[in-house]
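Results of the structural survey
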Amino acid sequence: MKSAVETLNPTRVRLTVEVPFEELKDSLDAAYKKINQQVTVKGFRKGKIPARVIDQRFGRGAVLEEAVNDALPKFYTEAVNEAELSVLGQPEVDITELKDGETLNFTAEVDIRPALELPEDFSSIEVEVDAVEVTDEDVEKSVEQLRERFASTTPVERAAEDGDVVTVDLEAKVEGEVLEDGIANGVSYTIGSGELLDGIDDAVKGLSAGEEATFTSELKGGSAAGKEAEVTVKVTQVAKRELPELDDEFAQLASEFDTLEELKADSRKRLANMKQYDQATQAQERVLEKLLELVEVPVPEKLLEDEINTRKHNLEHHQLGQMGLTLDKYLEIQGKTAEEFETETREAAVKGIKTQFVLDELVKREKLNVNQEELTEHLMRRAASSGMSPDQFAQAVVEGGQVPLLVGEVARGKALALVVEAATVKDTNGEVIDLDDEEETEATDAEATDSTESAEENTEA
């Protein structure tokens, strides 16, 4: 077999392959064997029909077609390996010549990973991030949220007011018909929380137990999501919320601390840790943006279109489908036009592909490996974000053949961490930030995953 490579553009090549006919022997033998098992000829046992009889009865062309279909993937793969190409997706194959007993010639056009020139070091990268500052107001707000969780309710014999907890029965009608999933009884709702339907607060305020009101609202979910409904709400109980006193007794009730001051100190510490993690995430996001600016990355058009379609499909059929929303309704809620959505999706897809190409090249250059402990930690984080148990997530990953994808995510996270470590990160106060290794690794791991997850699925296709 002889092969040659023609570069069509930085991300696409054409392979020209010439195969001497004798190299098709194994595929021809396999073709005759396969046809033997599929056909019957009077006077011959199944599977024992001579090749010449098959040629006479069914045509040599059918055998050649079967043999070529069997042989092409093997010769294509050999040509790719010989040229040391990193191909993306499936090739477009064209048989240019097939002479029985002489030769098989074909071409294959396919996208490839572009050759990238990365900087020798990344010390020139400098980014600014928010300073970690926890104010007294932040602490008070955190403690107040905890206080809200320990509020008690006491039934009262009066009309409902703001902040009260009412128990209600709901019935929704669309075009005069009660929806099958439009009835709910015994629903607990805090007036002013905004957690139910638009308009319900005004409807229930002023109602006492046993009274009802009707209002119009757009349904947020269910079989008639997005439609205007006439909703009847009946109040069955009004209860007053009572917050515990902010004192040492509350601290003992709501935490492991003995005093309110200890509880506040712990809240301040936790808020600082959260802001430090957010700072690390912000740092790697901005470092990644700077890195992508430093490297010229051509993007294969076919890969880009596949990535855009994948992102749209996941949004429409998974995320929005679970919420009972259409894409049009989602765009209306977001206040975006279809054109703006298309532009944002394309930009995100381009960034995801470029991120994967650049970080994969860095993984290769730095010879970064992923050990079992790192893979397990990443799997645990992915399981938590997916809402699955680690065992369930691991089983799904193995059954779906997705282990290499997870390994790639971890490796890219390590590559990005190297860049962040080499870069200069300052906060808005001008202080140089020395990011904690564990925080930085988790943050960069998450960013590399977010930027490349769906792109990786397409490039591995």
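Treat the numbers as computed from the prediction; the structure is a model and nothing was measured.

A word on helix H11 (residues 372-386). The terminal C-alpha atoms of H11 lie 21 Å apart, and with 15 residues this matches the ideal 21 Å at 1.5 Å per residue to within 8%. Of the residues making up H11, those classed as buried are Leu 375, His 378, Leu 379, Arg 382 and Ala 383. For H11, the angular spread of buried residues about the axis comes to 140 degrees, placing them on one side. When the buried face of H11 is taken as reference, the exposed residues oriented beyond 90 degrees from it are Glu 373, Ala 384 and Ser 385. At the N-terminal end of H11, a side-chain oxygen is found 3.2 Å from the backbone nitrogen of Glu 373, two or three residues along, and the residue is Asn 371.

Okay, the environment of Asp 198 next. Note on placement: Asp 198 falls in the loop between strand S8 (177-190) and helix H5 (200-204). Separated by 17 residues in sequence, Asp 198 and Phe 215 place their C-alpha atoms 9.3 Å apart. Ignoring anything within four residues of it in the chain, the contact list for Asp 198 reads Phe 215, Thr 216, Ser 217 and Lys 220.

What follows deals with the sheet that holds strand S3 (residues 87-99). Strand order in the open sheet formed by 4 strands is S1-S2-S4-S3, and the pairing between neighbours is antiparallel. Among the strands making up the open sheet, the edge pair consists of strand S1 (2-9) and S3. Between one strand axis and the next, the sheet turns through 20 degrees on average, direction left out of account. Note: S1 against strand S2 (residues 12-20), 7 bridges, orientation antiparallel. Looking at the pairing, Ser 3 lines up with Val 17 of S2. Here helix H3 (residues 60-83) sits on the sheet and contacts S1, S2, S3 and strand S4 (103-112); the angle it forms with S3, its principal contact strand, is near 125 degrees.

Another point: the packing of aromatic side chains. Under the definition given, this model contains 1 aromatic pair. Ring centres of Phe 150 and Phe 250 lie 6.2 Å apart, and the angle between their planes is 90 degrees; this geometry places the pair in the edge-to-face category. Taken together, the residues span a long stretch of sequence, with Phe 150 in the loop between helix H4 (136-149) and strand S6 (152-155) and Phe 250 in helix H6 (residues 248-254) at a distance of 100 residues. Given a relative accessible area of 29%, Phe 150 falls into the partly exposed group.

Attention now moves to helix H9 (residues 327-334). Leu 327, Lys 329, Tyr 330 and Leu 331 are the residues of H9 that are buried. Buried positions along H9 lie against strand S9 (212-218), helix H8 (301-323) and helix H10 (338-366). Positive backbone phi, at 70 degrees, marks Gly 335, one or two positions downstream of H9.

This paragraph deals with the domain arrangement of the chain. By a frequent convention, interface size equals the accessible area lost on bringing the separate parts together. Annotation of the chain at the domain level lists domain 1 (2-111), domain 2 (152-242) and domain 3 (259-453). Counting residues at the interface gives 4 residues for domain 1, matched by 6 residues for domain 3. Both sides together, the interface formed by domain 1 and domain 3 hides about 360 Å², and carbon and sulfur atoms give 80% of it. Interface area lost by domain 1 to domain 3 is led by Thr 11, Leu 88 and Asp 111, which between them contribute 89%. Counting every contact that joins domain 1 to domain 3 gives 0 residue pairs in polar contact (both at pLDDT 80 or more). Residue classes in the side of domain 1 that touches domain 3 are distributed as 2 nonpolar, 1 polar and 1 charged.

The grouping of Glu 22, Glu 23, Glu 78 and Glu 82 at the surface amounts to a negative patch. Its place among the elements puts Glu 23 in the loop between S2 and helix H1 (25-38). Using a relative accessible area of 30% as the deciding quantity, one classes Glu 23 as partly exposed.

In this section: a nonpolar patch on the surface. A cluster of nonpolar side chains, Val 93, Ile 95 and Leu 98, forms an exposed patch at the surface whose accessible area comes to about 210 Å². On the secondary structure map, Leu 98 appears in strand S3. We classify Leu 98 as partly exposed; its relative accessible area is 35%.

Another point: the packing of H8 against H10. Helix-helix packing is described using two parameters, namely the angle between the two axes and the distance between the axes. Between H8 and H10, the shortest axis-to-axis distance is 9 Å and the interhelical angle comes to 120 degrees. Looking at the two axes, H8 sits oblique to H10. Remark: the crossing between H8 and H10 carries right-handed chirality. Side by side, H8 and H10 meet where Glu 301, Leu 303, Leu 304, Glu 305, Glu 307, Ile 308, Arg 311, Lys 312 and Leu 315 of the first sit next to Phe 341, Glu 342, Thr 345, Arg 346, Ala 348, Ala 349, Val 350, Gly 352, Ile 353 and Phe 357 of the second. Grouping the amino acids of the contact of H8 with H10 by side-chain chemistry returns 10 nonpolar, 2 polar and 7 charged.

Calculation rules
- Residues numbered from 1 in each chain as written.
- Predicted model: local features only at pLDDT ≥ 70, side-chain atom pairs only at ≥ 80, totals over all residues.
- Heavy atoms only, no water.
- Helix = DSSP H or I, 4+ residues; strand = E, 2+ residues; numbered from the N terminus.
- Expected span 1.5 Å × (residues − 1).
- Buried < 20%, exposed > 50% of the residue type's maximum accessible area, 1.4 Å probe, protein only.
- Arc of directions from axis to C-beta.
- Polar contact = N/O pair within 3.5 Å; in protein donor to acceptor, adjacent residues only side chain to side chain.
- Contact = heavy atoms within 4.5 Å.
- Pairing = 2+ DSSP bridges.
- Axes fitted to C-alpha atoms, helices over the stretch in contact; angles between N-to-C directions.
- Phe/Tyr/Trp six-rings, centres within 6.5 Å; stacked < 30°, edge-to-face > 60°.
- Domains from an automatic or database assignment.
- Buried area = accessible area lost by both parts, 1.4 Å probe.
- Nonpolar A, V, L, I, M, F, W, Y, C, P; charged D, E, K, R; others polar.
- Patch = residues over 30% accessible without salt bridge, like charges linked within 9 Å, V, L, I, M, F, W, Y side chains within 5 Å.
- Areas by Shrake-Rupley, 256 points an atom, 1.4 Å probe, with all protein chains shown as cover.
- Salt bridge = Lys/Arg side-chain N within 4 Å of Asp/Glu carboxyl O.
- Lys, Arg positive; Asp, Glu negative; His and termini not counted.
- Charge placed at Lys NZ, Arg CZ, Asp CG, Glu CD.
- Parallel < 35°, antiparallel > 145°, perpendicular 65-115°, else oblique.
- Left-handed = near helix turned anticlockwise from the far one by under 90°.

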